[in-house]
Amino acid sequence: MMTWAQARELATELALAATGDEPAVRRAAERRLEQLDGRSWLLLNEAARSSVRVGGPRGSRAAAPTATTLLAAAVSSFAADGRIRQRAARTLAREGSRTATAALAVRLLDHVPQVREETRRALLPRLDTDHAEAVLDVLLAGRARRHAPAALGWVRDVLLTRLSTAELVSALVRSDRRAVRRWAYALGREHRLLTADELLAAVRRDPDQWLRAACAQWLMEVAAPAELRALLTAKSVEARLVALTRVPDEDLDDEDLLLLLADRSPRVRDQARWRGRRRGIDAADWYRGRLALPGTPAHVLAACLDGLAAVGGAGDLAAFTSRLRHPGVGVRAAAVTGVGAYADRDEALALLGPVLLDSSPRVSLTAASALLRIRAPQSAADAAWASDQPWSRRAAWRMVRGHGSWDRVEADLRAAGDGDPRLASLGLVGIHDWLATGAATTWAVLSDTQRRRIRDGLTAAPLDDTTRGTLAFHAGIGLRPPPAPVREDDAPTATATTAADRPGRPARRWAGLFRRR
């Protein structure tokens, strides 16, 4: 995906190549244009207008090239002067390449009516299956722009007068451009042209996650129950959820449902347990049986432990504690969840405190969440704060900060001074967020111990003087500024009295009122 900096650099290169006299450089620049997608064309247009300003007012960095080649015409179409863009559209109309078509599509969104009208005349003869993809890719990338709805409507109307809807959909659902493919599938669904087999193929193989989910939903409109059943093994989570939700009970075998109890997706497992309860299936008993089988893959163990944590009981605690040191990260994380759910508070503190030092960030953070749910004391995170592992210190920060009130402030201050850039950033953001939203409602009384720790944190954290002073004010902590260095010759003598030491006239007047007579 092209960035703004890359677009500015490319705009400069294209302008120099278009105004130069080196054919090899010009051909290389044209190849760069051939590789652009719709979003990149729009970004390049903005970058050329704002930085290179081809053909713009006096003082611009590149003059408008003579539009005698494809590259020169494309670069001229980015010019600040609308008259140059209009002439460039006429030149691009004589070029039959997809690059010229994409450059013209950008001008359909132009703010000058004359340029848009010239572009429509240029595009009208070439709107067919060969060029529709390039035009739609640009317009769909800029669909939020002012003139995009009208341009898209015009292109669609022209295409449908020349092609049948079935022909257009069939040609564009195979496009490499994601936005064009989505548009084509939506058009096919609107006209009820997509068969169950086509939708099922998209659900199973399309690389676009959004399109897989959408086709799974649309499949319910045209598929028979047996065809929906095929989605139970689809790659897409959304597709498996659709099948699990919509397939009738008589078409759903118990064996299929039991396998989905250990699906990789928590959402699918939840839905499978719900359907299992309706059919009298004891999910917890099935999980226990599967955990007892030797050689069960790690991902199945993790799914079963996670499911058992949701529907099991205190009697299953041994199944979780025995796997806190399993080599699989997912298994250890699920075991931590189960311990937090079924162990009593003291046992959970003893078991999960050391897990904050786990070699996996996922497991460490899961332990922090479990400890937070049982309101573990700050001391449970002391070893994690002292760890060399940044993720263990982040887990300690999450656990302590979750207590709220002054614990949150203390955790953020401690994190802000941490050597890990990510944790330090989280701490600084937390401090500023607390000052903006939580400082005025933090009423808890600070203990002397925590007051001292917050004072130390204020000194160690990389805060500006304003932030440090504001936080100290809310906490009721006095920060003594360091004494200013005093030169020996400027120091007052013991008997001398400077003007700054003498009270002013108002002070002397008020002092006289209270002088003992």
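Residues numbered from 1 in each chain as written. Predicted model: local features only at pLDDT ≥ 70, side-chain atom pairs only at ≥ 80, totals over all residues. Heavy atoms only, no water.

**With respect to unusual backbone geometry**
Then, in step 1: With a phi close to 55°, R192 is a non-glycine residue in the positive phi region.
Then, in step 2: Topologically, R192 is positioned in the loop between α11 (178-190) and α12 (196-205).
Then, in step 3: A positive phi angle, near 55°, is found at R375, a position not held by glycine.
Then, in step 4: Positionally, R375 belongs in the loop between α23 (361-373) and α24 (382-385). (Helix = DSSP H or I, 4+ residues; strand = E, 2+ residues; numbered from the N terminus.)

**Concerning the side chain of R107**
Then, in step 1: Along the chain, R107 turns up in helix α6 (residues 98-107).
Then, in step 2: Excluding its chain neighbours within four sequence positions, the residues that come into contact with R107 are N45, R49, S77, F78, R85, V115, R116 and T119. (Contact = heavy atoms within 4.5 Å.)

**Things to note about the side chain of R273**
Then, in step 1: As for its placement among the helices and strands, R273 is situated in helix α17 (residues 266-278).
Then, in step 2: Looking at R273, the relative accessible area reads 7%, which means it is buried.
Then, in step 3: Within the local environment of R273, its side chain forms a polar contact with the side chain of Y287, the two groups lying 3.1 Å apart.
Then, in step 4: In this structure R273 touches L261, A283, Y287, G307, A310 and V311, once residues within four positions along its chain are discounted. (Buried < 20%, exposed > 50% of the residue type's maximum accessible area, 1.4 Å probe, protein only. Polar contact = N/O pair within 3.5 Å; in protein donor to acceptor, adjacent residues only side chain to side chain.)

**Quick look at empty space enclosed by the protein**
Then, in step 1: Counting across every chain of the model gives one cavity of 30 Å³ or more.
Then, in step 2: Each pocket or cavity is described by its volume, and for the largest cavity that value is around 60 Å³.
Then, in step 3: As for the largest cavity, its lining consists of R189, R192, L194, L199, W218, E221 and V222.
Then, in step 4: Considering every element that reaches the lining of the largest cavity, the biggest residue donor is helix α13 (residues 209-222), with three residues. (1 Å grid on protein atoms, 1.4 Å probe; cavity = no way out; pocket = protein on both sides within 12 Å on 5 of 7 lines; lining within 4 Å. Points joined across faces, edges and corners; volume = space filled by probe spheres on them.)

**Structural notes on the confidence of the model for the protein**
When pLDDT drops low, the exact placement of atoms in the prediction is not to be read closely.
Then, in step 1: Put simply, the protein has an average pLDDT of 87, and 89% of its residues get 70 or more.
Then, in step 2: Here residues 56-67 is modelled with pLDDT under 50, and outside its nearest four sequence neighbours on either side it reaches 29 contacts, counting other chains as well.
Then, in step 3: Note on residues 493-517: pLDDT under 50 across the span, and four contacts to partners over four residues away in sequence or across chains. (pLDDT = per-residue confidence, 0-100.)

**A few points about the packing of helix α27 (residues 421-437) against helix α29 (residues 465-475)**
Then, in step 1: At a minimum axis distance of 11 Å, the contact between α27 and α29 shows a crossing angle of 55°. The angle between the axes of α27 and α29 places the two elements in the oblique class. Relative to α29, α27 is oriented so that their crossing is left-handed. Note on element contacts: α29 touches α27 through T467, T470, L471 and H474, opposite I431, H432, W434 and L435.
Then, in step 2: Each residue belonging to the contact of α27 with α29 can be placed in one class, and the counts come to four nonpolar, four polar and no charged. (Axes fitted to C-alpha atoms, helices over the stretch in contact; angles between N-to-C directions. Parallel < 35°, antiparallel > 145°, perpendicular 65-115°, else oblique. Left-handed = near helix turned anticlockwise from the far one by under 90°. Nonpolar A, V, L, I, M, F, W, Y, C, P; charged D, E, K, R; others polar.)

**Let's talk about the packing of aromatic side chains**
Then, in step 1: Across all of its chains, the model carries four aromatic pairs by this definition.
Then, in step 2: Note on W286 and Y287: the rings are 5.7 Å apart at their centroids and 65° apart in plane angle, and the pair reads as edge-to-face.
Then, in step 3: For Y287, a relative accessible area of 0% translates into the label buried. (Phe/Tyr/Trp six-rings, centres within 6.5 Å; stacked < 30°, edge-to-face > 60°.)

**Overview of the pattern of salt bridges**
Then, in step 1: Taken as a whole, this structure holds 31 salt bridges when the rule is applied.
Then, in step 2: For D249, the salt bridge is made with R275, and the minimal N-O distance between the two is 2.4 Å. Of this pair, D249 sits in the loop between α15 (237-246) and α16 (254-260) while R275 is found in helix α17, placing the two residues 26 residues apart along the sequence.
Then, in step 3: Taking the shortest distance from any N to any O, the salt bridge between D420 and R394 comes out at 2.8 Å. Remark: R394 occurs in helix α25 (residues 390-401) and D420 occurs in the loop between α26 (405-416) and α27; sequence separation between them is 26 residues. For the pair D420 and R394, one class covers both residues: buried.
Then, in step 4: Through salt bridges with shared partners, a single ionic network connects R90, E117, E118 and R121. (Salt bridge = Lys/Arg side-chain N within 4 Å of Asp/Glu carboxyl O.)

**A few points about α25**
Then, in step 1: Look at α25: 16 Å from first C-alpha to last across 12 residues, which is about the 16 Å you get at 1.5 Å a residue.
Then, in step 2: Considered for burial, the residues of α25 that qualify are S392, R393, R394, A395, A396, W397, M399 and V400.
Then, in step 3: Residues of α25 that are buried make contact with α23, α24, α26 and α27. (Expected span 1.5 Å × (residues − 1).)

**Examining the nonpolar core**
Then, in step 1: Among the nonpolar cores identified, the biggest contains 138 residues, and W41, L136, V155 and L231 are the most heavily contacted of them.
Then, in step 2: Top element by residues in this core is helix α19 (residues 298-311). It accounts for eight residues.
Then, in step 3: Setting aside residues no more than four positions away along its own chain, W41 makes contact with L33, L36, F78, T99, A102, A103, V106 and V138.
Then, in step 4: One finds A416, W434, I454 and L471 within the second-largest nonpolar core, a separate group that totals 16 residues. (Core = buried A, V, L, I, M, F, W, Y, C linked by side-chain atoms within 4.5 Å.)

**Let's talk about the packing of α6 against helix α7 (residues 113-123)**
Then, in step 1: Running from N to C, α6 and α7 cross one another at 150°; their axes reach a closest spacing of 8 Å. Handedness of the crossing formed by α6 with α7: left-handed. Each of T101, L104, A105 and R107 in α6 lies in contact with α7, whose residues at this interface are V115, R116, T119, A122 and L123.
Then, in step 2: Tallied by class, the residues present in the contact of α6 with α7 amount to five nonpolar, two polar and two charged.

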